[in-house]
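Single-letter residue listing:
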Amino acid sequence: MEKKMIDQAEDLRIFVQEKSGKTELSNSEKSEKKEEKSTKTRVITISSGKGGVGKTNLAVNLAIAYSQIGKKVILLDADLGLANVNVILGIIPEFSLFNLIKNNKPMKDIIINTKFGISFIAGASGFSKIANLDDEERKRFIAEMNELSFADIIIIDTSAGISNNVLGFIAAADEAIIVTTPEPTAITDAYGTIKIITTELIDSKIAIKLVVNRVKSVTEAKKVAHRVVSIVGQFLNTKIDYLGYIYDDPNVQNAVLRQKPFIISDPKSKASICLKHIVSRLENIEYMEGSGVGNFLKKLMSKNG
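Not measured: the values here are computed from a predicted model.

1. Structural notes on the overall build of the protein chain
- Scanning the protein chain from N- to C-terminus turns up 15 helices and 8 strands.
- Buried residues in the protein chain amount to 48% of all 305 residues.
- The long-range share in the protein chain, meaning contacts at least 24 apart out of those at least 6 apart in sequence, stands at 78%.
- Accessible surface, the protein chain: about 15100 Å² in total, of which carbon and sulfur atoms supply 52%.

2. Quick notes on the sheet that holds strand E1 (residues 42–48)
- Here we have 8 strands laid out as an open sheet, ordered E3-E4-E2-E5-E1-E6-E7-E8, and mixed in their pairing. If you trace the sheet from one side to the other, it starts and ends with strand E3 (112–113) and strand E8 (241–247), each paired once.
- Sheet topology note: the strand E2 (residues 73–78)/strand E5 (residues 153–158) ladder contains 6 bridges and is parallel. Its bridge partner lying in E5, Ile-74 is registered against Ile-154.
- Together, E1, E2, E5 and strand E6 (175–180) form the strand contacts of helix H9 (residues 164–172), whose direction differs from that of E1 by roughly 145°.

3. Points about the pairing of strand E7 (residues 207–215)
- With 8 of its 9 residues buried, E7 lies for the most part within the structure.
- For E6 and E7, the ladder comprises 6 bridges, and the chain directions are parallel. What sits directly across from Ile-177, in E7, is Lys-209.
- Traced from E6 through helix H10 (residues 184–200) to E7, the parallel crossover comes out right-handed.
- Bridge count for E7 against E8 is 6 bridges, and the pairing is parallel.

4. Remarks on the pattern of salt bridges
- Scanning the entire structure with this criterion turns up 11 salt bridges.
- Put simply, Arg-42 and Glu-283 hold a salt bridge, and the shortest N to O gap is 3.0 Å. On the criterion of sequence distance, the pair formed by Arg-42 in strand E1 and Glu-283 in helix H14 (residues 270–285) is long-range, its members being 241 residues apart.
- Among the residues examined, Arg-42 registers a relative accessible area of 1% and is labelled buried.
- Two residues, Asp-79 and Lys-55, come together in a salt bridge whose shortest N-O distance is 3.7 Å. Separated by 24 residues along the polypeptide, Asp-79 in the loop between E2 and helix H4 (85–89) and Lys-55 in helix H3 (residues 55–67) bring together distant segments of the chain.
- Residue Asp-79 is classed as buried on the basis of its relative accessible area of 8%.
- Given the relative accessible area of 6%, Lys-55 is considered buried.
- Connected via shared salt-bridge partners are Arg-42, Lys-71, Glu-175, Lys-209, Lys-239, Asp-241 and Glu-283.

5. What to know about the nonpolar core
- Formed by 91 residues in total, the largest nonpolar core has its most connected members in Leu-62, Leu-75, Phe-141 and Ile-155.
- Here this core takes 8 residues from H3, the largest share from any one element.

6. Considering helix H8 (residues 135–145)
- Inspection of H8 places Arg-138, Phe-141, Glu-144 and Met-145 among the buried residues, and these make up the whole buried set. Axial view of H8: buried residues confined to an arc of 135°, hence all on one face. The outward face of H8, more than 90 degrees from its buried face, is lined by the exposed residues Asp-135, Glu-136 and Lys-139.
- Measuring from the side-chain oxygen of the N-cap residue of H8 to the backbone nitrogen of Glu-136 gives 3.1 Å; that N-cap residue is Asp-134.

7. Considering the side chain of Asn-61
- Looking at where Asn-61 falls in the secondary structure, it is placed in helix H3.
- Overall, the relative accessible area of 0% leaves Asn-61 in the buried class.
- Separated by 2.8 Å, the side chain of Asn-61 and the backbone oxygen of Asn-57 make a polar contact.
- Sequence-distant contacts of Asn-61, defined by excluding residues within four places in its chain, comprise Pro-261, Phe-262, Ile-263 and Leu-275.

8. Points about the packing of aromatic side chains
- In total, this model carries 1 aromatic pair according to the counting rule given.
- Relative to Tyr-247, the ring of Tyr-245 has its centre 5.4 Å away and its plane inclined at 85°; by these criteria the two rings are edge-to-face.
- Over the ring of Tyr-247 we find Lys-270, and its NZ or CZ is 5.0 Å from the ring centre.

9. A word on the pairing of E8
- Among the 7 residues of E8, 5 are classified as buried, and the element is accordingly described as predominantly covered.
- Remark: the E7/helix H11 (residues 218–236)/E8 crossover connection has right-handed handedness.

Conventions adopted
Residues numbered from 1 in each chain as written. Predicted model: local features only at pLDDT ≥ 70, side-chain atom pairs only at ≥ 80, totals over all residues. Heavy atoms only, no water. Helix = DSSP H or I, 4+ residues; strand = E, 2+ residues; numbered from the N terminus. Buried < 20%, exposed > 50% of the residue type's maximum accessible area, 1.4 Å probe, protein only. Contact = heavy atoms within 4.5 Å. Areas by Shrake-Rupley, 256 points an atom, 1.4 Å probe, with all protein chains shown as cover. Pairing = 2+ DSSP bridges. Axes fitted to C-alpha atoms, helices over the stretch in contact; angles between N-to-C directions. Right-handed = clockwise from strand over helix to strand, strands pointing away. Salt bridge = Lys/Arg side-chain N within 4 Å of Asp/Glu carboxyl O. Core = buried A, V, L, I, M, F, W, Y, C linked by side-chain atoms within 4.5 Å. Arc of directions from axis to C-beta. Polar contact = N/O pair within 3.5 Å; in protein donor to acceptor, adjacent residues only side chain to side chain. Phe/Tyr/Trp six-rings, centres within 6.5 Å; stacked < 30°, edge-to-face > 60°. Lys NZ or Arg CZ within 6 Å of the ring centre and 35° of its normal.

What follows is the structure, given as structure tokens:
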């Protein structure tokens, strides 16, 4: 509370000085100060080695679970192939990041405040244009994206597999959650994804985490997780964190058919309880402060430049 009051007092002092023509801080200093105050935004990508493992469903419901513990959350759809976050949310977005980049729409017109307590940005078609931005478009894109610094958490649903776009998002984020199921092909593809991340992004400090989806039992989940964690440690010399599992729950599919997130339609279902445990682990056991929207954009643009 005391720190918040000091920050507010400092903002007021700067405002009064600017109005009176007595600007004590230079523009660069004010920019640095603004960035310093917005460096707590935590950017998490949700990825998978193959499609059909429940990646998008996890992203949507994880975002809502975070909002339910008081976090300001932005969910960004960066799946360039099958953008369907809006389907699960039951939303038809009027604009996406494409409109921000090519039609000069401001961020306030792009971002959607949903009834589920999270903000949503349809971004799939827009992100494919980042590599082709001219200098002016790039500056505007960065300026508008910096408007998202109010968020505590930004969750990005990437495409399945490891394309250059997916690697770009993972490299720019603070954490990458890899989703798999007990199916042998899903496990193999999850390992392949982690292998590419660790070999292609060797300079990145990305924290890799694992979630096992659609399990029949705790034993099955632990068996799959142990297998992936052990192989990654042995052959890639990399440590990944096992976040937890989500039961193969019929309530999940029912929620999808109703176009309503399962954590909302049935908050006491097995899947919902599992998801809340995952958020608890992310927050309390393995909490890490984010590096901020500015840093995320800097790394993202360097990958797409």
